[in-house]
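These are the residues of each chain, in order.
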Amino acid sequence: MFRSQIEAAEAEGVRRDDMTLRLTLNDVIALKRDRDLPVADISFVGGVMRYLGVKIEQGGVAESVLDRGA
């Protein structure tokens with residue numbers, strides 16, 4: 001879903017801890033239900049959902065976007 005954008009940002013020197021995926025609720029649901037997604041790619045730790053180590057913020061956006069941080 002956002003793998004290529006995350007990897008491109010990382011290649012440009014952006015740390016995954018600095019990135020945030022701001023996803024629409026529909027994209028969050030699609031990500032959770034994706035049967036082709038390796039289990040290791042998504043995590044739920046401490047009440048925070050992460051995809052490939054990038055924090056996910058759910059809802060509040062009209063279109064999903066990768067925020068690269070400051």
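Throughout, a residue's number is its position along its own chain's written sequence, starting from 1. The model is predicted, so local features are restricted to residues of pLDDT at least 70 and side-chain atom pairs to those at 80 or more, both for listing and for counting; the totals for chains, interfaces and linings are taken over all residues. Water and hydrogen atoms play no part in the side-chain values, which are based on all heavy atoms of the structure.

**Description of the sheet that holds strand β3 (residues 48–51)**
Working step 1: Taken together, the five strands give an open sheet; going across it, the order is β2-β3-β4-β1-β5, and neighbouring strands pair in mixed fashion. At either margin of the open sheet sits one strand with a lone partner, and together these are β2 (42–45) and β5 (65–67). Within this sheet the neighbouring strands show an average axis-to-axis angle of 35 degrees, counted without direction.
Working step 2: Should DSSP find at least two bridges between two strands, the strands are regarded as paired. For the purposes of this entry, the term helix denotes a DSSP run of H or I that reaches at least four residues, the term strand denotes a run of E that reaches at least two, and both are numbered from the N terminus. Pairing analysis gives two bridges linking β3 to strand β4 (residues 54–58), with the strands arranged antiparallel. The partner of R50 across the bridge, within β4, is K55. Angular values range over 0 to 180 degrees, each being the angle between N-to-C directions of two axes fitted as lines to C-alpha atoms, with helices fitted over their stretch in contact.

**Here we look at the side chain of T20**
Working step 1: Note that T20 resides in strand β1 (residues 20–23).
Working step 2: Contacts are residue-level and defined by heavy atoms, with any inter-residue pair within 4.5 Å sufficient. Excluding its chain neighbours within four sequence positions, the residues that come into contact with T20 are V54, K55, E57, V65, L66 and D67.

**Details of the pattern of salt bridges**
Working step 1: The salt bridge criterion pairs a side-chain nitrogen of Lys or Arg with a carboxyl oxygen of Asp or Glu, the two atoms within 4 Å. Going through the model one piece at a time under the given rule, you end up with six salt bridges.
Working step 2: R16 is the salt-bridge partner of E10, the closest N and O atoms lying 2.8 Å from each other.
Working step 3: Here's how the labels work: a residue is buried when its accessible area is under 20% of the maximum for its type, exposed when over 50%, partly exposed in between, all with a 1.4 Å probe on protein chains only. According to the relative accessible area criterion, E10 is partly exposed, its value standing at 36%.
Working step 4: Overall, the relative accessible area of 23% leaves R16 in the partly exposed class.
Working step 5: D18 serves as the salt-bridge partner of R15, at 3.3 Å between the closest nitrogen and oxygen.

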